[in-house]
Amino acid sequence: MLGHLSISMKIKMIFCVSLIPVIFLFYLFANEKMSVVAFADKEKVGNELIQKLTPVFDTILKMHGVLAFEKKADEQKVEVEKFHKNGQIVVSDFFETGKTLSIPTIQEKWLNTHKTLEKAFDKPSLSLTTEAIQSISGLMGIIGNESGLVLDPDLDSFYVMDTTVVQIPNILEALSKIMALHGQVTSEAQKERVLATGRLISALENSEKNYDFATKNNPSGSVEVSLKEAVGQTAKILKSFIDAREKNLPLTQDNYGEAILKTLDYWKKIDIKIQTHLANSNKKT
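Just so we're clear, the structure is a prediction, and the values are computed from it rather than from any experiment.

Turning our attention to the layout of surface pockets. Within this model, the largest pocket holds a volume of roughly 250 Å³. Lining the largest pocket, in full, are Ile178, Leu181, His182, Gly183, Gln190, Arg193, Val194, Arg245, Asn248, Leu249, Pro250 and Leu251. The greatest single-element share of the lining of the largest pocket, amounting to three residues, is contributed by helix H6 (residues 187-216). For the lining of the largest pocket, the residue count by class is six nonpolar, four polar and two charged.

Let us now look at unusual backbone geometry. The bulk of non-glycine residues show a negative phi, and the bulk of peptide bonds are trans. With a phi angle near 60°, Asn248 is a residue other than glycine that sits in the positive phi range. When you line up the elements, Asn248 lands in the loop between helix H7 (222-246) and helix H8 (253-284).

Formed by 68 residues in total, the largest nonpolar core has its most connected members in Leu53, Ile60, Trp110, Leu117 and Leu175. Going through the elements one at a time, helix H1 (7-68), helix H2 (73-99), helix H3 (104-122), helix H4 (126-147), helix H5 (155-180), H6, H7 and H8 are the ones with two or more residues in this core. Apart from the residues within four sequence positions on either side, Leu117 is in contact with Val56, Ile60, Val91, Phe94, Ala132 and Ile136.

Turning next to the confidence of the model for the chain. Looking at the chain, the pLDDT average stands at 80 and 78% of residues meet or exceed 70. Across the chain, the secondary-structure element scoring lowest on mean pLDDT is H1, at 66, and the one scoring highest is H6, at 93. In the predicted structure, residues 27-39 sits below a pLDDT of 50 and forms seven contacts with residues beyond four places in sequence or in another chain.

Rules used in this analysis
- Residues numbered from 1 in each chain as written.
- Predicted model: local features only at pLDDT ≥ 70, side-chain atom pairs only at ≥ 80, totals over all residues.
- Heavy atoms only, no water.
- 1 Å grid on protein atoms, 1.4 Å probe; cavity = no way out; pocket = protein on both sides within 12 Å on 5 of 7 lines; lining within 4 Å.
- Points joined across faces, edges and corners; volume = space filled by probe spheres on them.
- Helix = DSSP H or I, 4+ residues; strand = E, 2+ residues; numbered from the N terminus.
- Nonpolar A, V, L, I, M, F, W, Y, C, P; charged D, E, K, R; others polar.
- Core = buried A, V, L, I, M, F, W, Y, C linked by side-chain atoms within 4.5 Å.
- Buried < 20%, exposed > 50% of the residue type's maximum accessible area, 1.4 Å probe, protein only.
- Contact = heavy atoms within 4.5 Å.
- pLDDT = per-residue confidence, 0-100.

Written as structure tokens, this is what we have:
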């Protein structure tokens, strides 16, 4: 049959057949690029959600610190009232964000966390602020998993991501647990303090290891430039806090506040680094 075809027709057929693998390879290349773009976009959404958690975490942690220390009733009431007013604003914004989320698992946890925050700010107590802090920490983990932040393909960014969505929330949750037990002398409270201190030490060590691994896998040196000072200051303050806890030295609201402040500052600097990384990833694709 082919013998009846003209030479020009045979050439055209050979040319068309030879194009098939080229078209297939182009399809695979384009599909991979689209997947990379989609992954980066999903990571960006996750990072934006983490940014929205910062003011909520900051407010609830500070109110938790006020509740953990015995003061004159009038003094404590005035301080709590300040956080209560600010809390109503951040919780309202938090709820509005939750209504628009497109990832079902994140939305479900987000709205459940909103309920715990509402209760904590409506009738402030250590038990309710502790529950809210734990809920936010859990939400962070879900955001990291569902948005792909903890699966970032670049080694340096992978370790930085783990610090922001796993280790720092663990640090903040452990700090809040230790302060919730402040002044309690029962054997059960002492046991819980020891466990919380252990979790704090573990999360701090993991965050330091993450920084070391990230810098070693970051040829440009941008991780060290962005985070060296913050990680050093945070580690110094937290180690001082841990040392005081292990020696049973008296802890003050200032000790707790400084530990929270430095940890949140480190978290914000990591967030800036992640934003830069994601923006560069989008340019490459």
